[in-house]
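Structural description and commentary
Okay, here's what each chain looks like letter by letter:
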Amino acid sequence: MQTIHTIAALRQALAGRAATSFVPTMGNLHEGHLALVREAARQGEPVVASIFVNRLQFAPHEDFDRYPRTLARDCELLAGAGCDIVFAPDEREFYPQPQTYAVRPDPALADILEGEFRPGFFGGVCTVVLKLFACVQPAVAVFGKKDYQQWKVVGRMVEQFALPIRIVGGETVRAEDGLALSSRNGYLTLDERSGCRAR
Ligand code: PAF
């Protein structure tokens, strides 16, 4: 497995390769992400996964600075799950200037549910995903059904911009207590965790 940090090196590594399957992530990986990578491998190799904590989808009061960055461990896990290339740009590489061009997703889909509580969140997600798609140029991209709204918003973006990418939904992986695996579950106290299960 190759770990690549620049767009130029990624393009070089992908030149002449067959179409790729792509799994975008923000790292701090768990079994749910690895299931997406395995799903991507079933769609056709090679598999590219990205690890990039995307500032554009965090509100100022959210956890951008403390979001766990665990690149070495993530790369080991990805290699074990059958990933071929990890694209892990740093912020200066990916956003060398402020990203002033942005995707504005359909408010009917993006401003409800999670979007109602996190204004601008899906715009930030779509903007980074569109840019990642431009870098990786995958034939297939896999998004977790756990983030159901995100999966739908990205699917609509792909339709609206006529991107030649097939969006596949990966099944949710759950912990033994039934809670869906999520990178932010580590923030929960035991009480909060059982509160989530009760809902
Ligand atoms: O689901 C996530 O981890 C992120 O929203 C994504 C799709 C990687 C974009 O930053």
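Residues numbered from 1 in each chain as written. Predicted model: local features only at pLDDT ≥ 70, side-chain atom pairs only at ≥ 80, totals over all residues. Heavy atoms only, no water.

Considering the side chain of Gln150
Residue placement: Gln150 occurs in helix α8 (residues 148-160). Owing to a relative accessible area of 17%, Gln150 belongs among the buried residues under this scheme. Sequence-distant contacts of Gln150, that is, excluding residues within four places in its chain, are made with Phe121, Phe122, Val125 and Phe143. (Helix = DSSP H or I, 4+ residues; strand = E, 2+ residues; numbered from the N terminus. Buried < 20%, exposed > 50% of the residue type's maximum accessible area, 1.4 Å probe, protein only. Contact = heavy atoms within 4.5 Å.)

Topic: the nonpolar core
One finds Leu10, Phe87, Phe94, Val129 and Phe133 to be the most contacted residues of the largest nonpolar core, which totals 32 residues. Looking at this core, the elements with two or more residues in it are α1 (7-14), β4 (85-87), α7 (121-136), β5 (140-144) and α8. The biggest single contributor to this core is α7, with 10 residues. With near-sequence residues (within four places) excluded, Phe94 lies in contact with Ile7, Phe52, Phe87, Pro89, Val128, Lys131, Leu132 and Cys135. (Core = buried A, V, L, I, M, F, W, Y, C linked by side-chain atoms within 4.5 Å.)

Remarks on the site of the ligand
In the region of the ligand, the neighbouring residues are Pro24, Thr25, Met26, Asn54, Gln57, Val125, Val128, Phe143 and Gln150. A distance of 2.7 Å is found between an oxygen atom of the ligand and a side-chain nitrogen or oxygen belonging to Gln57. Within the side chain of Gln150, one N or O atom sits 2.7 Å away from an oxygen atom of the ligand. Expressed as a share of its isolated accessible area of 290 Å², the protein-covered part of the ligand is 89%. The set of elements that each furnish at least two residues to the shell around the ligand consists of β2 (21-25) and α7. Counted by class, the shell around the ligand contains five nonpolar, four polar and no charged residues. (Near = heavy atom within 4 Å. Polar contact = N/O pair within 3.5 Å; in protein donor to acceptor, adjacent residues only side chain to side chain. Areas by Shrake-Rupley, 256 points an atom, 1.4 Å probe, with all protein chains shown as cover. Nonpolar A, V, L, I, M, F, W, Y, C, P; charged D, E, K, R; others polar.)

A look at helix α3 (residues 71-81)
Among the residues making up α3, those that are buried are Asp74, Cys75, Leu78 and Ala81. Viewed along the axis of α3, the buried residues span an arc of 125°, placing them on a single side of the element. Away from its buried face, by an angle of more than 90 degrees, α3 presents the exposed residues Ala72, Glu76 and Gly80. Against β1 (2-4), α2 (31-43), β3 (47-51) and β4 lie the buried residues of α3. Count one or two residues on from α3 and you reach Gly82, which has phi positive near 95°. (Arc of directions from axis to C-beta.)

Thoughts on the sheet that holds strand β6 (residues 166-170)
Strand order in the open sheet formed by six strands is β1-β4-β3-β2-β5-β6, with parallel pairing between adjacent strands. One side of each edge strand has no neighbouring strand; the edge strands of this open sheet are β1 and β6. Direction aside, neighbouring strands of the sheet carry axes that sit 25° apart on average. On the sheet, α1 packs against β1, β3 and β4 and is oriented at approximately 160° with respect to β4. The sheet contacts of α3 involve β1, β3 and β4, and relative to β3 the element is tilted by about 165°. (Pairing = 2+ DSSP bridges. Axes fitted to C-alpha atoms, helices over the stretch in contact; angles between N-to-C directions.)

Quick notes on the pairing of β3
Working note: regular strand, side chains alternate between the two faces of the sheet. With five of five residues buried, β3 lies mostly within the body of the structure. A crossover links β2 with its parallel partner β3, the connecting element being α2, and its sense is right-handed. Pairing geometry for β3 and β4, over three bridges, is parallel. Within the sheet, the bridge partner assigned to Val48 lies in β4 and is Ile85. After leaving β3, the chain enters α3 and then returns to the sheet as β4, a path that is right-handed. (Right-handed = clockwise from strand over helix to strand, strands pointing away.)

Things to note about the environment of Arg193
For Arg193, the location among the structural elements is in helix α9 (residues 190-198). For the pair Arg193 and Gly16, spaced 177 residues apart in the sequence, the C-alpha separation amounts to 47 Å. In contact with Arg193, other than residues within four places in its own chain, are Ala175, Asp177, Leu179, Asn185 and Leu188. Within the structure, the side chain of Arg193 is placed 2.7 Å from the side chain of Asp177, a separation counted as a polar contact.

Fair warning: the whole summary comes from geometry, so function is off the table for now.
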